[in-house]
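In case you want the letters, here they are:
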Amino acid sequence: MNEIFRIEAIDHSDCERVRSTLLQLSEFWRKRNTKLPLFTLGAATYIDSRPDLKTYYGYVKSDNPILWEHFEWVYQRLVVALGKYIGGPINFDHDQAVPGFHLYRFHPAFEKNIAEIHFDRQQTRLRWPENAEIDWSDPISFTLPIALPRTGGGLHTWEIDWQEFREAGSEARKLLIRDSSKTLHVYRLGELVVHSGNQLHQVAPGVHLSPEDERFTLQGHGLYCDGAWRLYW
Ligand SMILES: [Fe+2]
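Residues numbered from 1 in each chain as written. Predicted model: local features only at pLDDT ≥ 70, side-chain atom pairs only at ≥ 80, totals over all residues. Heavy atoms only, no water.

## A few points about the coordination of the iron ion
Donor atoms from the polypeptide that bind the iron ion are H118 (NE2), D120 (OD) and H201 (NE2), placed at 2.1 to 2.2 Å. Read from N- to C-terminus, the donor residues coordinating the iron ion fall into the pattern H-x1-D-x80-H. Residue classification places H118 among the partly exposed residues on the basis of a relative accessible area of 23%. Given the relative accessible area of 9%, D120 is considered buried. (Donors = N, O, S within 2.8 Å, 3.2 Å for Na, K, Ca; no water. Buried < 20%, exposed > 50% of the residue type's maximum accessible area, 1.4 Å probe, protein only.)

Encoded structure:
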(Lines give C-alpha, C1' and ligand atoms only; values in the text may rest on other atoms or scores of the structure.)
Protein backbone atom coordinates (compact mmCIF):
# COMPACT_ATOMS: atom_id res chain seq x y z
CA MET A 1 0.00 0.00 0.00
CA ASN A 2 1.26 3.40 -0.87
CA GLU A 3 -1.37 5.31 0.92
CA ILE A 4 -1.55 7.11 4.20
CA PHE A 5 -4.18 6.14 6.72
CA ARG A 6 -5.37 8.15 9.70
CA ILE A 7 -7.01 6.69 12.75
CA GLU A 8 -8.06 8.56 15.91
CA ALA A 9 -6.22 6.77 18.69
CA ILE A 10 -6.23 9.00 21.78
CA ASP A 11 -7.76 12.37 22.65
CA HIS A 12 -6.06 15.65 23.53
CA SER A 13 -6.17 15.04 27.28
CA ASP A 14 -4.47 11.66 26.71
CA CYS A 15 -1.81 13.44 24.66
CA GLU A 16 -1.26 15.85 27.54
CA ARG A 17 -0.93 12.90 29.94
CA VAL A 18 1.71 11.30 27.68
CA ARG A 19 3.48 14.62 27.29
CA SER A 20 3.72 15.24 31.01
CA THR A 21 4.99 11.68 31.59
CA LEU A 22 7.63 12.21 28.90
CA LEU A 23 8.79 15.38 30.66
CA GLN A 24 9.04 13.48 33.96
CA LEU A 25 11.19 10.88 32.20
CA SER A 26 13.60 13.39 30.66
CA GLU A 27 16.58 11.81 32.46
CA PHE A 28 16.07 8.80 30.16
CA TRP A 29 15.96 10.81 26.94
CA ARG A 30 18.84 10.03 24.63
CA LYS A 31 20.35 12.98 22.76
CA ARG A 32 20.60 12.21 19.05
CA ASN A 33 22.37 15.25 17.71
CA THR A 34 25.42 16.94 19.17
CA LYS A 35 24.21 20.46 18.34
CA LEU A 36 20.42 20.23 18.28
CA PRO A 37 17.85 19.41 20.99
CA LEU A 38 16.71 16.22 19.29
CA PHE A 39 16.15 13.21 21.55
CA THR A 40 14.53 9.80 21.62
CA LEU A 41 13.06 7.77 24.41
CA GLY A 42 13.55 4.15 23.48
CA ALA A 43 15.81 2.35 21.05
CA ALA A 44 15.30 3.08 17.36
CA THR A 45 16.47 0.60 14.77
CA TYR A 46 17.29 3.21 12.18
CA ILE A 47 19.75 4.88 14.57
CA ASP A 48 20.90 2.20 16.99
CA SER A 49 21.40 -0.78 14.68
CA ARG A 50 24.53 0.70 13.15
CA PRO A 51 27.30 -0.31 12.92
CA ASP A 52 25.97 -3.49 14.53
CA LEU A 53 23.05 -4.62 16.66
CA LYS A 54 24.86 -4.59 20.00
CA THR A 55 23.86 -1.01 20.82
CA TYR A 56 20.28 -1.56 19.75
CA TYR A 57 19.73 -4.66 21.83
CA GLY A 58 21.54 -3.03 24.77
CA TYR A 59 19.10 -0.12 24.68
CA VAL A 60 16.19 -2.52 24.25
CA LYS A 61 17.17 -4.09 27.56
CA SER A 62 17.49 -0.79 29.40
CA ASP A 63 14.60 1.13 27.81
CA ASN A 64 11.80 -1.36 27.19
CA PRO A 65 10.99 -1.75 30.92
CA ILE A 66 10.72 2.04 31.32
CA LEU A 67 8.44 2.36 28.30
CA TRP A 68 6.27 -0.54 29.44
CA GLU A 69 5.94 0.82 32.94
CA HIS A 70 4.78 4.24 31.84
CA PHE A 71 3.09 3.73 28.50
CA GLU A 72 1.44 0.33 28.56
CA TRP A 73 -1.95 2.07 28.42
CA VAL A 74 -0.85 3.93 25.28
CA TYR A 75 0.25 0.68 23.64
CA GLN A 76 -3.15 -0.82 24.42
CA ARG A 77 -4.84 2.12 22.73
CA LEU A 78 -2.42 1.84 19.84
CA VAL A 79 -3.38 -1.81 19.31
CA VAL A 80 -7.08 -0.95 19.33
CA ALA A 81 -6.59 1.90 16.84
CA LEU A 82 -4.31 -0.03 14.51
CA GLY A 83 -6.61 -3.04 14.65
CA LYS A 84 -9.30 -0.97 12.91
CA TYR A 85 -7.00 -0.74 9.95
CA ILE A 86 -4.78 -3.83 9.83
CA GLY A 87 -6.96 -6.27 11.76
CA GLY A 88 -5.20 -8.62 14.14
CA PRO A 89 -3.70 -10.17 16.02
CA ILE A 90 -1.33 -7.37 17.04
CA ASN A 91 1.25 -7.75 19.79
CA PHE A 92 4.68 -6.83 21.13
CA ASP A 93 5.86 -10.41 21.37
CA HIS A 94 9.40 -10.14 20.01
CA ASP A 95 12.95 -9.24 21.06
CA GLN A 96 12.89 -5.72 19.56
CA ALA A 97 12.40 -2.27 21.03
CA VAL A 98 8.80 -1.36 21.76
CA PRO A 99 7.53 1.79 20.02
CA GLY A 100 9.29 4.86 21.41
CA PHE A 101 9.34 8.61 21.06
CA HIS A 102 10.96 11.24 18.88
CA LEU A 103 11.39 14.36 21.01
CA TYR A 104 12.23 17.70 19.43
CA ARG A 105 12.59 20.83 21.54
CA PHE A 106 12.87 24.25 19.99
CA HIS A 107 15.71 25.14 17.68
CA PRO A 108 15.51 27.38 14.59
CA ALA A 109 17.44 24.74 12.62
CA PHE A 110 14.32 22.55 12.78
CA GLU A 111 12.77 24.91 10.23
CA LYS A 112 15.30 23.61 7.72
CA ASN A 113 15.18 20.34 5.81
CA ILE A 114 17.51 18.49 8.16
CA ALA A 115 15.63 15.17 8.34
CA GLU A 116 16.71 12.48 5.93
CA ILE A 117 14.54 11.65 2.89
CA HIS A 118 14.23 7.89 3.13
CA PHE A 119 12.36 4.60 2.93
CA ASP A 120 11.82 2.52 6.06
CA ARG A 121 13.95 -0.57 5.57
CA GLN A 122 14.98 -1.18 9.19
CA GLN A 123 13.02 -4.42 9.50
CA THR A 124 15.69 -6.25 7.53
CA ARG A 125 18.39 -5.22 10.01
CA LEU A 126 16.90 -6.87 13.08
CA ARG A 127 17.04 -10.38 14.44
CA TRP A 128 13.74 -12.19 13.94
CA PRO A 129 13.19 -15.79 15.08
CA GLU A 130 14.87 -18.34 12.87
CA ASN A 131 12.45 -19.98 10.43
CA ALA A 132 9.82 -17.34 11.22
CA GLU A 133 7.27 -16.80 8.49
CA ILE A 134 7.54 -13.12 7.73
CA ASP A 135 5.60 -11.06 5.22
CA TRP A 136 8.39 -8.73 4.08
CA SER A 137 6.17 -7.28 1.35
CA ASP A 138 3.70 -5.49 3.59
CA PRO A 139 5.27 -3.67 6.55
CA ILE A 140 3.75 -0.65 8.26
CA SER A 141 5.19 2.47 9.86
CA PHE A 142 3.23 4.73 12.16
CA THR A 143 3.40 8.03 13.99
CA LEU A 144 1.18 9.20 16.82
CA PRO A 145 1.57 12.95 17.44
CA ILE A 146 1.66 13.78 21.17
CA ALA A 147 2.74 17.44 21.10
CA LEU A 148 3.17 19.66 18.05
CA PRO A 149 4.50 23.16 17.44
CA ARG A 150 1.83 25.87 17.39
CA THR A 151 2.20 26.05 13.61
CA GLY A 152 1.81 22.26 13.33
CA GLY A 153 3.90 19.43 12.00
CA GLY A 154 3.64 16.68 9.43
CA LEU A 155 5.12 14.21 7.03
CA HIS A 156 6.27 14.76 3.47
CA THR A 157 5.82 11.94 0.97
CA TRP A 158 6.79 11.55 -2.67
CA GLU A 159 5.08 9.23 -5.16
CA ILE A 160 8.17 7.08 -5.39
CA ASP A 161 8.13 3.45 -4.41
CA TRP A 162 11.03 1.54 -2.86
CA GLN A 163 11.12 -1.11 -5.63
CA GLU A 164 11.10 1.51 -8.37
CA PHE A 165 13.81 3.50 -6.61
CA ARG A 166 15.96 0.48 -5.90
CA GLU A 167 15.95 -0.57 -9.53
CA ALA A 168 16.81 2.89 -10.84
CA GLY A 169 20.40 4.07 -11.32
CA SER A 170 21.71 7.10 -9.47
CA GLU A 171 20.85 9.52 -12.33
CA ALA A 172 17.39 8.03 -12.72
CA ARG A 173 16.87 8.39 -8.98
CA LYS A 174 17.58 12.11 -9.15
CA LEU A 175 15.07 12.44 -11.99
CA LEU A 176 12.47 10.47 -10.08
CA ILE A 177 12.74 12.87 -7.17
CA ARG A 178 12.83 15.93 -9.45
CA ASP A 179 9.71 14.86 -11.36
CA SER A 180 7.68 13.82 -8.35
CA SER A 181 5.85 16.42 -6.32
CA LYS A 182 5.81 16.09 -2.59
CA THR A 183 2.70 15.96 -0.46
CA LEU A 184 2.42 17.30 3.07
CA HIS A 185 0.36 15.19 5.44
CA VAL A 186 -0.51 17.39 8.38
CA TYR A 187 -0.37 15.72 11.77
CA ARG A 188 -3.16 16.06 14.32
CA LEU A 189 -2.72 15.39 18.01
CA GLY A 190 -3.77 11.87 18.96
CA GLU A 191 -4.39 10.82 15.37
CA LEU A 192 -2.35 7.87 14.26
CA VAL A 193 -0.82 8.17 10.78
CA VAL A 194 0.02 4.85 9.14
CA HIS A 195 1.89 4.12 5.92
CA SER A 196 3.96 1.34 4.42
CA GLY A 197 7.36 3.00 4.77
CA ASN A 198 7.89 1.89 1.17
CA GLN A 199 7.08 5.33 -0.16
CA LEU A 200 9.80 7.97 -0.05
CA HIS A 201 9.17 10.22 2.96
CA GLN A 202 10.64 12.74 5.37
CA VAL A 203 9.74 14.52 8.59
CA ALA A 204 8.36 17.87 7.40
CA PRO A 205 10.42 20.79 8.70
CA GLY A 206 8.91 23.18 11.23
CA VAL A 207 7.47 26.56 10.26
CA HIS A 208 7.97 29.77 12.28
CA LEU A 209 8.93 27.82 15.39
CA SER A 210 8.81 29.48 18.82
CA PRO A 211 10.96 28.77 21.88
CA GLU A 212 8.06 27.09 23.69
CA ASP A 213 7.38 24.70 20.80
CA GLU A 214 7.80 20.94 21.20
CA ARG A 215 7.35 18.13 18.75
CA PHE A 216 6.82 14.80 20.50
CA THR A 217 5.65 11.75 18.55
CA LEU A 218 5.25 8.07 19.29
CA GLN A 219 7.01 6.12 16.53
CA GLY A 220 6.96 2.53 15.44
CA HIS A 221 6.68 -0.09 12.78
CA GLY A 222 4.78 -3.33 12.31
CA LEU A 223 5.81 -6.54 10.64
CA TYR A 224 3.58 -9.56 10.09
CA CYS A 225 5.51 -12.44 11.56
CA ASP A 226 4.24 -15.93 12.42
CA GLY A 227 0.60 -15.03 12.20
CA ALA A 228 0.62 -11.71 14.07
CA TRP A 229 1.55 -8.08 13.61
CA ARG A 230 4.60 -7.33 15.79
CA LEU A 231 4.91 -3.68 16.77
CA TYR A 232 8.42 -2.39 17.42
CA TRP A 233 10.74 0.54 16.79
FE1 LIG B 1 10.62 6.73 8.08
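## A few points about the packing of aromatic side chains
Within the structure shown, the criterion is met by 14 aromatic pairs. Plain terms: the ring middles of Y46 and W233 are 6.4 Å apart, the flat faces sit at 45 degrees to each other, and that makes the pair tilted. In this pair, Y46 is assigned in helix 2 (residues 45–48) and W233 in the segment after strand 12 (228–232), connecting sequence segments 187 residues apart. The buried category is assigned to W233, whose relative accessible area is 2%. With a centroid separation of 5.3 Å and 85 degrees between ring planes, the pair formed by W128 and Y232 is classed as edge-to-face. Of this pair, W128 sits in the loop between strand 5 (100–104) and strand 6 (134–147) while Y232 sits in strand 12, and the two are 104 residues apart along the sequence. For W128, a relative accessible area of 13% corresponds to the buried category. (Phe/Tyr/Trp six-rings, centres within 6.5 Å; stacked < 30°, edge-to-face > 60°. Helix = DSSP H or I, 4+ residues; strand = E, 2+ residues; numbered from the N terminus.)

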